[in-house]
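# An overview of the molecular structure
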There are 2 protein chains.
Amino acid sequence: MSDIVKLPRFLLIKQYIENHIASGNWPVGTRVPSENDLAASFSVSRMTARRALKELDDEGLLTRAPGLGSFVAKPKALPPQVELPNVVENIQNFGIYSCRIVGLERIQADMLMAQRMRVNMDDELYKGTFVHLNRDKPAQFEEIVVNPLVAPAFIKQNYHKVTADAYLNWVAAPSHVEYRLSAVMPSAMQRRELGLTHEGEGVCIKITKRNWSQDTVMSLSTLINPAEGYHLGKEIK
Amino acid sequence: MSDIVKLPRFLLIKQYIENHIASGNWPVGTRVPSENDLAASFSVSRMTARRALKELDDEGLLTRAPGLGSFVAKPKALPPQVELPNVVENIQNFGIYSCRIVGLERIQADMLMAQRMRVNMDDELYKGTFVHLNRDKPAQFEEIVVNPLVAPAFIKQNYHKVTADAYLNWVAAPSHVEYRLSAVMPSAMQRRELGLTHEGEGVCIKITKRNWSQDTVMSLSTLINPAEGYHLGKEIK
DNA sequence: CAGTGGTCTAGACCACGTT
DNA sequence: ACGTGGTCTAGACCACTGG
């Protein structure tokens, strides 16, 4: 016996169309019945038939054009995406978080940094260097350069309780964020701070992150994670 | 002077609500006017007021509940995501692609592989090993294990022109894909195949990808890329 | 021109949660 | 009982497209 649940009519129409598409019966580009056609053949008002087509349009299964009709859209293979885990947040939620402040200082922009921060050379910038620890074990090395105009008090904060990233999100949420990820061998300083003493170990994931507030760069941070145990995406086992 | 364009009424209502939310006038959790309220105050039918609320709901700005009303939703910070570049596709588009077939054979599933492929131990599997080259320079090492039930002819194909991945997508598009990314030091065999001769070089990005067709595993592939020049996300310069 | 989708109306019935 | 959103109707006018 079929379910006793009474499905809304617009859902029946959607399923009718979805089935024709999924079965290959209506290949890409096929013109599907118009709102009036569906209204007639399903004994339904046009508004109801319209809703079915509208939602299939929203879901990307159909393309609709006034004066032309509704057509089976070609499936757009959305590029595979992985989430970037927030190491500090994970520790705060599931571990014991602490932070070693390696440095917190004013610097002058060299040529490269001026270019990346979209400021002039020799402009003053703030720079913070941190090691994030889980149960007193180094988990991530962070270096962040901040535009003083966006966060004048950045250098006066106490980053034992609140991370620099969290503070910046507080004083001015970025309007846009850029990420870049690669794998590197850490520098001697980074190895030391991360406690990577053995000769063999050392592969690290490096994430570069730039926060924008409209057209000005708020901050540029570099995160170095030991590759050991650092993964993106779902567990595969 | 304001634009002469005549906006649809439901858009005016949407803007009215959006403005109240954006200005902080209606903080998260605030109950917004009901469909009937809006219909009355905008001298519009309920269906039109409804459409405005419906679309704001779809866009995540509102949460609606029958019997209760519509409420300002709390902005959900979508986790940052990066796209996984398809190395082979990039070479085919912007370089000169070729492929060295290292191996193409039947294997028996050991315990680990059986678990990952969701088959029984000692079941037959197909395994392909490839090196993808750009201008005859190794760019990616690939190892792919395939379920024979899904692609019985997998092992008989010629993978010089079409990649194993492309072939599998052809015979049976996956219904779901899992990714996992990490950084590793390549094995001796991988180093040899990738032409990593110098002692210092060697950090690699490893991508594990599992294709599902409904509830069966179609394939499990491991991609090894020299980290040198391999990046995810937007260029930051 | 006839047909399409886009917008809109003024009603209606229902299931649901609060009171 | 009342108001909410969810579904639905039978009309309507419009801008746009094709033949």
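Residues numbered from 1 in each chain as written. Chains lettered and ligands numbered in written order. Predicted model: local features only at pLDDT ≥ 70, side-chain atom pairs only at ≥ 80, totals over all residues. Heavy atoms only, no water.

## Concerning the protein's contact with DNA strand C
Note the threshold: Any residue with a non-hydrogen atom lying within 4 Å of a molecule or strand is treated as near it. Any N or O atom pair separated by 3.5 Å or less is treated as a polar contact, with the protein-specific requirement of one donor-capable and one acceptor-capable atom, and with residues adjacent in sequence counted only for side-chain atom pairs. Helix and strand assignments come from DSSP, with helices taken as H or I runs of at least 4 residues and strands as E runs of at least 2, each series counted from the N terminus. Classification convention: Asp, Glu, Lys, Arg as charged; Ala, Val, Leu, Ile, Met, Phe, Trp, Tyr, Cys, Pro as nonpolar; all other residues, Gly among them, as polar.
DNA strand C sits among 25 residues. The nearest are A:Met47, A:Arg64, B:Arg9, B:Thr48 and B:Arg51. Residue A:Gly67 places a main-chain N or O atom 3.0 Å away from a base oxygen belonging to DNA strand C. By residue number, the principal contributor to the surface near DNA strand C is helix α3 (residues 46–58) of chain B, which donates four residues. When the residues that make up the surface near DNA strand C are grouped by side-chain class, the tally is eight nonpolar, nine polar and eight charged.

## Structural notes on the pattern of salt bridges
Working definition: two side chains of opposite charge can pair if their charged atoms are close together. Which entries qualify depends on this criterion: Think of a salt bridge as a Lys or Arg side-chain nitrogen and an Asp or Glu carboxyl oxygen that are within 4 Å of each other. The classification of residues rests on relative accessible area computed with a 1.4 Å probe and restricted to protein chains. Under 20% of the type maximum is buried, over 50% is exposed, and intermediate values are partly exposed.
Within this structure, the stated rule accounts for 22 salt bridges over all chains. A:Arg46 is paired through a salt bridge with A:Glu35; the nearest N and O atoms lie 2.6 Å apart. Note that A:Arg46 is positioned in helix α3 (residues 46–58) and A:Glu35 in helix α2 (residues 35–41), a separation of eleven residues in sequence. A salt bridge links B:Glu35 to B:Arg64, with the nearest nitrogen and oxygen atoms 2.7 Å apart. One end of the pair, B:Glu35, is in helix α2 (residues 35–41); the other, B:Arg64, is in strand β2 (residues 62–65), and 29 residues separate them in sequence. Taking the relative accessible area as the measure of exposure, B:Glu35 reaches 12% and is therefore buried. A relative accessible area of 23% places B:Arg64 in the partly exposed class.

## Considerations on the packing of helix α1 (residues 9–22) of chain A against α3(A)
Residues and elements named next belong to chain A. As a reminder, the rule being used: Working convention: axes come from line fits to C-alpha atoms, limited for helices to the stretch in contact. Angles between N-to-C directions cover 0 to 180 degrees. Throughout this description, any angle smaller than 35 degrees is read as roughly parallel, any larger than 145 degrees as roughly antiparallel, any in the 65 to 115 degree range as roughly perpendicular, and the remainder as oblique. A clockwise turn of the near helix away from the far one marks a right-handed crossing, whereas an anticlockwise turn of less than a right angle marks a left-handed crossing. Contact definition: two residues touch when any of their heavy atoms are within 4.5 Å.
For the pair α1 and α3, the least separation of the axes is 8 Å and the interaxial angle reads 50°. Taken together, the axes of α1 and α3 lie oblique to each other. For the pair α1 and α3, the crossing hand works out as right-handed. Only Thr48, Ala49, Arg51, Ala52, Leu53, Glu55 and Leu56 of α3 make contact with α1, whose side of the interface consists of Arg9, Phe10, Ile13, Lys14, Ile17 and Glu18. Among the residues making up the contact of α1 with α3, the classes are represented as seven nonpolar, one polar and five charged.

## Details of the pairing of strand β7 (residues 137–146) of chain A
Residues and elements named next belong to chain A. Test applied: Two strands make a pair as long as DSSP finds a minimum of two bridges between them.
Bridge analysis of strand β6 (residues 124–134) against β7 gives nine bridges, and the strand direction is antiparallel. Bridge pairing in β7 links Asn134 to Lys137. Hairpin connection, β6 to β7: the antiparallel pair is bridged by two residues, and Arg135 has positive phi, about 55°. Looking at chain direction, β7 and strand β10 (residues 216–226) are connected through six bridges and run antiparallel. In the sheet register, Glu143 faces β10, and the bridge partner there is Thr222.

## Re the protein's contact with DNA strand D
The immediate surroundings of DNA strand D are formed by 26 residues, with A:Arg9, A:Thr48, A:Arg51, B:Arg46 and B:Arg64 found nearest. A share of 65% of the atoms of DNA strand D within 4 Å of the protein falls on sugar and phosphate groups. In the model, a phosphate oxygen of DNA strand D is placed 2.6 Å from a nitrogen or oxygen of the A:Thr48 side chain. Those elements giving two or more residues to the surface near DNA strand D turn out to be α1 and α3 of chain A together with α2, α3, β2 and β3 (69–72) of chain B. Per-element accounting of the surface near DNA strand D gives the leading share, four residues, to α3(A). Class assignment of the residues belonging to the surface near DNA strand D gives a composition of nine nonpolar, nine polar and eight charged.

## Structural notes on the sheet that holds strand β1 (residues 31–32) of chain B
Residues and elements named next belong to chain B. Across the sheet, three strands lie side by side as β1-β3-β2; this open sheet has antiparallel pairing. Of all the strands in the sheet, the pair left with one neighbour each is β1 and β2. Its contacts with the sheet place α3 against β1, β2 and β3, and it is angled at close to 115° to β2.

## Re the nonpolar core
How we decide: Residues enter a nonpolar core if they are buried and are Ala, Val, Leu, Ile, Met, Phe, Trp, Tyr or Cys, with the set joined through side-chain atoms within 4.5 Å.
The biggest cluster of nonpolar side chains holds 55 residues, and the ones touching the most others in it are A:Phe154 and B:Phe154. Each residue touching B:Phe154, except ones within four places of it in the same chain, is listed here: B:Leu104, B:Tyr126, B:Gly128, B:Ile144, B:Val146, B:Tyr159, B:Ala164, B:Tyr167 and B:Leu168.

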